[in-house]
Amino acid sequence: MLINEWQLGNELNQSVQQHLHADFRLWLAFLSPAIEEQAGFCLADQQATPQTTDLRQQLQLVPQRDYGLQPDDLPLLQQHTKLMTQGGFAAMRLGILLQPPPAVIRHDAKKLTADLADNLSLHCQRHLAKQLAPVQSTDATLLYDVLEQLHTPAAA
């Protein structure tokens, strides 16, 4: 339901200016709080069980795999090597597309790549390394001395 006229944009004004009476009534009905003027709708039946469609299963695709190396991936990698030696790049590429190999040897979701970590700010790099910032001691008398030197005119 629309609450304010500004949610319609220019639709209400354009229907008035262009003498589109049906459109004007439609947009005005959207703004009306009266239930009898609003469009009817049906709620979904709560008793019906929702259909769960697994697109991968319908298309008979291999299930989605984890990015890291699994214990049963070694025979797969040996098969890709065998395809490369016997059939060349085209056969290996087809094998990789049909049975994708692991993307990384060790999958750690919290680990950043080296080039990304190098581009972080020093604060973020310390935070990732769980190092605290060096504590700097402050001395109020030193600040007073600096201010006093700035305030006194320099002897020429």
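Everything below is about the structure printed above this text.
Below: a short report on this structure. (Residues numbered from 1 in each chain as written. Predicted model: local features only at pLDDT ≥ 70, side-chain atom pairs only at ≥ 80, totals over all residues. Heavy atoms only, no water.)

**Section: the overall build of the chain**
Looking only at helices and strands, the chain has eight helices and zero strands in total. The secondary structure elements of the chain, listed N-terminal to C-terminal, are α-α-α-α-α-α-α-α. When contacts within the chain are restricted to residue pairs at least 6 apart in sequence, those whose partners lie at least 24 apart make up 40%. As presented, the chain carries roughly 14600 Å² of accessible surface, and 59% of it is formed by carbon and sulfur atoms. (Helix = DSSP H or I, 4+ residues; strand = E, 2+ residues; numbered from the N terminus. Contact = heavy atoms within 4.5 Å. Areas by Shrake-Rupley, 256 points an atom, 1.4 Å probe, with all protein chains shown as cover.)

**Brief notes about unusual backbone geometry**
Phi is positive for histidine 19, which is not a glycine, with a value near 55 degrees. Locating histidine 19 in the fold gives a position in the loop between helix H1 (11-17) and helix H2 (21-31). Classification of histidine 19 by relative accessible area gives exposed; the value is 61%. In this structure, lysine 130 is a non-glycine residue whose phi angle is positive, near 55 degrees. You can see lysine 130 is positioned in the loop between helix H7 (122-128) and helix H8 (140-151). (Buried < 20%, exposed > 50% of the residue type's maximum accessible area, 1.4 Å probe, protein only.)

**What about the side chain of serine 15?**
Here serine 15 is to be found in helix H1. Among the residues examined, serine 15 registers a relative accessible area of 3% and is labelled buried. Once you skip the residues sitting within four places of it in the chain, serine 15 turns out to touch Leu20, Asp23, Phe24 and Trp27.

**With respect to the layout of surface pockets**
Volume-wise, the largest pocket comes out at about 200 Å³. What lines the largest pocket is simply Val62, Pro63, Arg65, Asp66, Gln70, Asp72, Asp73, Leu76, Leu98, Gln99 and Pro100. Grouping the constituent residues of the lining of the largest pocket by class yields five nonpolar, two polar and four charged. (1 Å grid on protein atoms, 1.4 Å probe; cavity = no way out; pocket = protein on both sides within 12 Å on 5 of 7 lines; lining within 4 Å. Points joined across faces, edges and corners; volume = space filled by probe spheres on them. Nonpolar A, V, L, I, M, F, W, Y, C, P; charged D, E, K, R; others polar.)

**Some remarks on the side chain of aspartate 73**
Tracing the backbone shows aspartate 73 in the loop between helix H3 (55-58) and helix H4 (74-87). For aspartate 73, a relative accessible area of 4% gives the class buried. If sequence neighbours within four positions are ignored, aspartate 73 has contacts with Arg65, Gly68 and Pro102.

Shape is all these values report; function is a separate question.
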